[in-house]
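Structure assessment
The residues making up each chain are set out below.
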Amino acid sequence: MTIAAAPPRVTQTRNLIDGQWVEARSGKTFDVFNPSTEQVIAQVADSDAADVDAAVIAARRAFDEGPWSRMAARERGKLLYRLADLIEQHADELAALEVLNNGKPIGEVRFADIPLVVSTFRYFAGWADKIHGDTIPVDNHFGRFFCYTKKEPVGVCAQIIPWNFPMLMVTWKWGPALAAGNTVVLKPAEQTPLTALRLAELAQEAGFPDGVINVVNGFGETAGASLVKHRGADKVAFTGHYQTAQHIMRDAADTLKRITFELGGKSPNVVFADADLDQAVAGAMTGIFFNQGEVCCAGSRLFVERSVHDEFVLKFAAAADARRVGDPFDENTEQGAQVSQEQFDKVMGYIELGKQEANCVAGGERAADTGWFVRPTIFTGVTNDMRIAREEIFGPVVSVLPFTDRREVIEQANDTDYGLAAAVWTRDITKAFALADSVRAGTVWVNCFNTFDAAAPFGGYKFSGQGRELGAEALKAYTETKTVWVNLGD
Ligand code: NAI
Ligand code: MG
């Protein structure tokens, strides 16, 4: 076992409300686990409606009357830049804590999570003083008017995030919200609150005024639901399961909150016979096994053109068998542990189902006696109507489906409730564009997979979401447009 550059250290387990770190009012806590050892690593504040109420009141006050509401936009940007700098300075410590709490491999946290976290804050920092409206030429039939629009912050934003990218999800929520001048109440996932709490400590150090950033820990049905229902919150941004989103939409109806959702997927990854097969195999590996398959846009339905199907599957299965699964603190590890007992059980359940429905050609079992490790698992002989091809498994499990022509594969790719992402592997530009045009999904990758940038919008069609995160698009969800008419007289 290789020891991470900085040993993981739990610095904070409480709620951040109005600049103070406080226990839940009830005094209750819940256990947080290390997925690779199944050991309890922390007891975190277990919040309910009373804690949420205090956090929303603080966020409301900071928005309506605090120094935040009078701060120049450029100063807000400076705070976000400062937070990015602090994260960079504490990168080793944050990476180790993320590995400890989520189970993902340290190499990937350094390569993917940390750089994306830093660049997301820097990207939105740059937007802070560039969010502005338009001047609008208006019909002078009613008189002479000067008409302009302003972009104003929405207000208090309730932000509820999942456990698969615990730090990165914080940045996708805080970045655009804070750049646009909102205040936030974040509820981290109950499985992985630790890095979000450390980020909140760093935000305090960066100088965000009290009440601008609040963090309330706890479960979805208690803390999460109270936040969604609270009259003092203007907007809810949620990432997670579509059924939770349906629940949230109903709960948010009474207060008519603005809503953005980033939900799951069953993304088609399409390999044509003319593709560079080795590149496509590597893409299929990244597509499904990256982050233990706990990725909303995972390429979990792999369509392979029939003429290369057998050759592709041989190479793919060999690569999956060779994947190094184990201790996430080992620099050589490629795949760590699933996040929780619940997720491990869910994934193993789908693997058992897959063995009844299809052929298992790689994996199909747990990877260690202790820790929630699962072998990279490949099913062949899958048809699009099987449950393993329709339901989100959210683990290292992929279904391979053969196809014969372009029209057929496009039809099957779209035969899903989801529409988050898709990928195509081909040397033929016309096939690439045909797929990019016809797939109803928010992101299409051509000869690549899982590429991300803070500037590139991300989000889903259909059951995969509502609105977009990242890029200039994200700012739309965090601003209201005000139209001002000025009578210029005769
Ligand atoms: P979930 O959607 O229940 O949880 C995500 C977040 O929502 C957590 O912070 C949770 O506490 C909160 N939440 C849960 N119920 C809530 C409610 N009634 N009101 C307000 N907030 C609530 O997801 P869960 O149960 O952790 O995972 C179940 C499945 O969801 C996974 O197996 C996976 O298929 C999918 N998922 C998708 C993600 C994505 O990135 N699209 C991320 C995490 C899970
Ligand atoms: Mg749930």
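The model shown is predicted, which means the values in this text are computed figures rather than measured ones. (Residues numbered from 1 in each chain as written. Chains lettered and ligands numbered in written order. Predicted model: local features only at pLDDT ≥ 70, side-chain atom pairs only at ≥ 80, totals over all residues. Heavy atoms only, no water.)

Some words on the nonpolar core
In terms of nonpolar packing, the biggest core is built from 98 residues, with W174, F208, F312 and F316 touching the most fellow members. Setting aside residues up to four positions removed in sequence, F312 forms contacts with V271, L277, A280, V281, A284, L302 and V304. (Core = buried A, V, L, I, M, F, W, Y, C linked by side-chain atoms within 4.5 Å. Buried < 20%, exposed > 50% of the residue type's maximum accessible area, 1.4 Å probe, protein only. Contact = heavy atoms within 4.5 Å.)

A short note on the pairing of strand β3 (residues 29-34)
Burial along β3 is one-sided: the face carrying F30, V32 and N34 is buried and the face carrying T29, D31 and F33 is not. Two elements, β3 and strand β4 (residues 39-45), share six bridges in a ladder whose sense is antiparallel. What sits directly across from F30, in β4, is V44. (Helix = DSSP H or I, 4+ residues; strand = E, 2+ residues; numbered from the N terminus. Pairing = 2+ DSSP bridges.)

Section: the sheet that holds strand β13 (residues 301-305)
Taken in spatial order, the seven strands make up an open sheet running β14-β15-β16-β13-β12-β18-β19, and their pairing is mixed. On the outer flanks of this sheet lie β14 (359-362) and β19 (443-446), each paired with one strand and no other. Each adjacent strand pair in this sheet contributes to an overall mean axis angle of 25 degrees, direction not counted. One ladder, built from four bridges, connects strand β18 (residues 421-425) with β19; its direction is parallel. Across the sheet, the residue bridging to V424 is V446, located in β19. In the packing of helix α12 (residues 341-357) onto the sheet, contacts are made with β14, β15 (377-380) and β16 (397-403), and the angle to β15 comes to roughly 30 degrees. (Axes fitted to C-alpha atoms, helices over the stretch in contact; angles between N-to-C directions.)

Looking at a nonpolar patch on the surface
Residues F146, V486 and L488 make up a contiguous nonpolar surface patch of roughly 230 Å² in combined accessible area. With respect to the helices, strands and loops of the structure, V486 is situated in strand β22 (residues 479-487). According to the relative accessible area criterion, V486 is partly exposed, its value standing at 32%. (Patch = residues over 30% accessible without salt bridge, like charges linked within 9 Å, V, L, I, M, F, W, Y side chains within 5 Å. Areas by Shrake-Rupley, 256 points an atom, 1.4 Å probe, with all protein chains shown as cover. Salt bridge = Lys/Arg side-chain N within 4 Å of Asp/Glu carboxyl O.)

Considering the packing of helix α3 (residues 73-89) against helix α7 (residues 194-206)
Following both chains from N to C, one finds α3 and α7 inclined at 125 degrees, their axes separated by 9 Å at the closest point. In terms of axis orientation, α3 runs oblique to α7. Pair α3 / α7 crosses with right-handed handedness. Listed contacts from α7 to L79, R82, L83, L86 and I87 of α3 are L199, L202, A203, E205 and A206. Here the residues of the contact of α3 with α7 are counted per class, giving eight nonpolar, no polar and two charged. (Parallel < 35°, antiparallel > 145°, perpendicular 65-115°, else oblique. Left-handed = near helix turned anticlockwise from the far one by under 90°. Nonpolar A, V, L, I, M, F, W, Y, C, P; charged D, E, K, R; others polar.)

Structural notes on the site of ligand 1
In the neighbourhood of ligand 1, 29 residues make up the surrounding shell, with W163, E190, Q343, K346 and E392 lying closest. Within the contact set of ligand 1, an oxygen atom lies 2.7 Å away from a side-chain nitrogen or oxygen of W163. Between ligand 1 and L263, the relevant distance is 3.0 Å, taken from a nitrogen atom to a main-chain nitrogen or oxygen of the residue. For ligand 1, the accessible surface in isolation is 810 Å², of which the surrounding protein chains cover 93%. Across the shell around ligand 1, the residue classes tally to 13 nonpolar, eleven polar and five charged. (Near = heavy atom within 4 Å. Polar contact = N/O pair within 3.5 Å; in protein donor to acceptor, adjacent residues only side chain to side chain.)

Side note on α7
Spanning 13 residues, α7 covers 19 Å between terminal C-alpha atoms, matching the ideal 18 Å at 1.5 Å per step. The buried fraction of α7 is high, at eleven of 13 residues. Positioned one or two residues after α7, G207 has a phi angle of 110 degrees, which is positive. (Expected span 1.5 Å × (residues − 1).)

Some points on the sheet that holds β22
Spatial ordering of the open sheet is given by β5-β6-β22, a layout of three strands whose pairing is antiparallel. Two strands close off the open sheet at either side, each with one partner strand: β5 (135-136) and β22. Pairing between β5 and strand β6 (residues 145-153): two bridges, direction antiparallel. Following the sheet pairing, T135 is matched in β6 by Y148.

What about the pattern of salt bridges?
The final tally for this structure, using the stated rule, is 26 salt bridges. With a shortest N-O distance of 3.5 Å, E190 and K187 are connected by a salt bridge. One salt bridge in this structure joins R390 and D415, with 3.2 Å as the shortest N-O distance. With R390 in helix α13 (residues 387-390) and D415 in the loop between α14 (406-414) and β17 (418-419), this residue pair connects regions lying 25 residues apart in the sequence. On the basis of relative accessibility, which here comes to 39%, the residue D415 falls in the partly exposed class. Through salt bridges with shared partners, one network takes in R9, E93, R198 and E201.

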